[in-house]
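# Per-entry structural report
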Amino acid sequence: MIIQKKDVLEALRKITAPGEGKNMVDSGAVQNIVVFGDEVVVDVVINNPSLQAKKRTEVEVMKAIHGEVNEKAKVVVNVKVIAPEVTEIKGKPIPGIQNIIAVASGKGGVGKSTVTANLAVALAKMGFKVGVLDADVYGPSIPMMFDVATERPRSVTIEDKSFIQPIENYGVKILSIGFFTNANQAVIWRGPMAAKALNQLIFEAYWGELDFLLIDLPPGTGDIHLSIMQALPITGAVVVSTPQPVALADARRAVAMFGQENINVPVLGIVENMAYFTPEELPNNKYYIFGKEGAKHLAGELKVPFLGEIPLVQAVREAGDTGQPIALQEGSPQAKAFHSLAQEVVKNVVARNENLPPSEAIKITNMAGCSSK
């Protein structure tokens, strides 16, 4: 069968351009089509800078040509992103910090802070310089998980200016509202006051050189999230969920928040926490208490990367409660799970920086510990 250019055009007219009400051809998204025998090269421009929009466009063009024109056609899709002139929420970078990753959940109780702490430790063990900002103003738990709950940050003078010195443990620099509040008192702040406190932690701290700053966001999709994204240029977001539908519904909303037109924070992927229960005495058994592969299916549906599964194991909880994240226990299955998660996060950050306009000019150059072997 000879492939005709007009047939390719008709096939592409059945696809709606991302962010447009028209099909790809009539909207002008299809810039050029070249046919060489059984090979079709399609040049497409889109105005959605998210990585998932780019991937979705590639897949839809290929499916349309294979389904409507020739299933054996060799299709090459070149997608170029032309960002529209819209008012976006953009923050100012912090000198020395290469990548800022927001860890979100949408719903509380899914182990977001546990994932943040262990991801930070796993990245540090891979050779990266890592910091954690605990932005969960009303329920800061990062200090306890790093065994530094009784510590108090000191002031350090840099070039005649006074800065907050983050607390450091396990190779990770940490700042949290919890360092400045009484553990026995509730933090009762309105949004603007909480945002002001976070801005102080962000911009009045001396983080030094960091490959990654992880921000442990509070549950939900509210004022603190917007304040963080207004204050900082977020490289990407990691969304944490359990497999159960009630958690997945909120994870879906978290992904949608980052994809809002005026936010445009790429979602690096979804991680499924508490994926299955394995009792210590039966290490080969898996019990899917909260459902099976719910977050994995959600990632596929939303066309965002799936970062992996973290098991529900008593040792993970015990390690967090004692301030020694399980990722420190080299060789354990749980540490391996978090190391695998860290590898996937780094891989997706690298892909994000290669395919999308960077939040900062600097990209990751240190790939230590990222071998799949």
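Use the structure listed above.
First, a word on what this report is: a plain description of the structure on this page. (Residues numbered from 1 in each chain as written. Predicted model: local features only at pLDDT ≥ 70, side-chain atom pairs only at ≥ 80, totals over all residues. Heavy atoms only, no water.)

### What to know about the overall build of the protein
Spelled out, the test is: Elements are defined by DSSP. Helices are runs of H or I of four residues or more, strands are runs of E of two residues or more, and each kind is numbered from the N terminus. Burial here depends on accessible area, computed with a 1.4 Å probe over protein chains only, as a share of the maximum for the residue type. Under 20% is buried, over 50% is exposed, and the range in between is partly exposed. Working rule for contacts: check all heavy atoms of both residues, and any pair within 4.5 Å makes them a contact. Note on areas: Shrake-Rupley with a 1.4 Å probe; residue coverage comes only from the protein chains shown.
Counting its regular elements, the protein contains 10 helices and 13 strands. Within the protein, the proportion of its 373 residues that are buried is 51%. Taking the intrachain contacts of the protein between residues at least 6 apart in sequence as the baseline, contacts between residues at least 24 apart amount to 74%. Carbon together with sulfur atoms contributes 50% to the accessible area of the protein, which is approximately 17800 Å² in total.

### Considerations on the layout of surface pockets
Heads up, the rule is: Points on a 1 Å grid over protein atoms alone make up a cavity when a 1.4 Å probe fits among them but cannot get out, and a pocket when they form an open set with protein on both sides within 12 Å along at least five of seven lines; lining residues each have an atom within 4 Å of a point. Grid points are joined across faces, edges and corners, and a volume is the space filled by probe spheres set on the points. Each residue gets one label: Ala, Val, Leu, Ile, Met, Phe, Trp, Tyr, Cys and Pro are nonpolar, Asp, Glu, Lys and Arg are charged, and the others, such as Gly, are polar.
In this structure, the largest pocket encloses a volume near 350 Å³. For the lining of the largest pocket, the elements supplying multiple residues, two or more each, are β13 (306–312), α9 (314–321) and α10 (333–355). In the lining of the largest pocket, the residues fall into 8 nonpolar, 4 polar and 4 charged.

### Describing the packing of aromatic side chains
This is how it is decided: Aromatic contacts are taken between Phe, Tyr and Trp rings whose centres are within 6.5 Å, Trp giving its six-membered ring; a plane angle under 30 degrees counts as stacked, one over 60 as edge-to-face, and the others as tilted.
Under the counting rule described, the total for this entry stands at 5 aromatic pairs. When the ring of Phe-163 is compared with that of Tyr-206, the centres are 6.3 Å apart and the planes differ by 55°; the resulting orientation is tilted. Taken as a pair, Phe-163 in strand β7 (residues 161–165) and Tyr-206 in the loop between α5 (191–203) and β10 (210–216) lie far apart in primary sequence, 43 residues in all. Arranged with centres 6.4 Å apart and planes meeting at 35°, the rings of Phe-277 and Tyr-287 form a pair that is tilted. Linking Phe-277 in strand β12 (residues 267–277) with Tyr-287 in the loop between β12 and α8 (294–302), this pair joins segments that are 10 residues apart in sequence.

### Points about the side chain of Asn-70
Put simply, the test is: Two N or O atoms form a polar contact when they lie within 3.5 Å of each other; inside protein one atom must be a possible hydrogen donor and the other a possible acceptor, and for residues adjacent in sequence the pair counts only when both atoms belong to side chains.
Within the element layout of this structure, Asn-70 appears in the loop between α2 (51–68) and β3 (74–81). Polar side-chain contacts of Asn-70 include one of 2.9 Å to the backbone nitrogen of Lys-72.

### Considerations on the environment of Phe-203
One can find Phe-203 in helix α5. The sequence separation of Phe-203 and Leu-232 amounts to 29 residues, and the corresponding C-alpha distance is 9.6 Å.

### Structural notes on a nonpolar patch on the surface
Formally: Within this analysis, patches are made of residues with over 30% relative accessible area and no salt bridge. Like charges are joined at 9 Å or less; nonpolar side chains (Val, Leu, Ile, Met, Phe, Trp, Tyr) at 5 Å or less. Salt-bridge detection follows one rule: a side-chain nitrogen of Lys or Arg within 4 Å of a carboxyl oxygen of Asp or Glu.
A surface patch of nonpolar side chains, about 280 Å² in accessible area, is lined by Leu-282, Tyr-287 and Ile-289. Mapped onto the secondary structure, Ile-289 falls in the loop between β12 and α8. Given a relative accessible area of 54%, Ile-289 falls into the exposed group.

### Some words on the pairing of strand β1 (residues 30–36)
Which entries qualify depends on this criterion: Pairing between strands requires that DSSP locate at least two bridges from one strand to the other.
One ladder, built from 6 bridges, connects β1 with strand β2 (residues 39–46); its direction is antiparallel. Across the sheet, residue Val-35 finds its bridge partner in β2, namely Val-40.

### Some words on α8
Put simply, the test is: Here the arc refers to the directions that run from the helix axis out to each C-beta atom.
Here α8 has its buried residues at Gly-294, Ala-295, Leu-298 and Ala-299. Down the axis of α8, the smallest arc covering the buried residues is 135°, so these residues share one side. Against the buried residues of α8 lie α7 (245–258), β12 and β13. Looking at the residues trailing α8, positive phi occurs at Lys-303, about 60°.

### Considering the sheet that holds strand β11 (residues 236–241)
Applicable threshold: Axes here mean lines fitted to C-alpha atoms, for a helix over just the part in contact, with angles spanning 0 to 180 degrees between N-to-C directions.
Overall, mixed pairing links the 8 strands, which are arranged β8-β9-β5-β10-β4-β11-β12-β13 in an open sheet. With partners counted over all chains shown, the strands left at the sheet margins are β8 (167–169) and β13, one partner each. With strand direction ignored, the average angle separating the axes of adjacent strands in the sheet is 25°. With 5 bridges joining them, strand β5 (residues 130–134) and β10 adopt parallel strand pairing. By the bridge assignment for β10, Leu-133 is matched with Ile-215. Here α8 sits on the sheet in contact with β12 and β13, set at roughly 160° to β12. The sheet contacts of α10 involve β4 (97–104), β10, β11, β12 and β13, and relative to β13 the element is tilted by about 165°.

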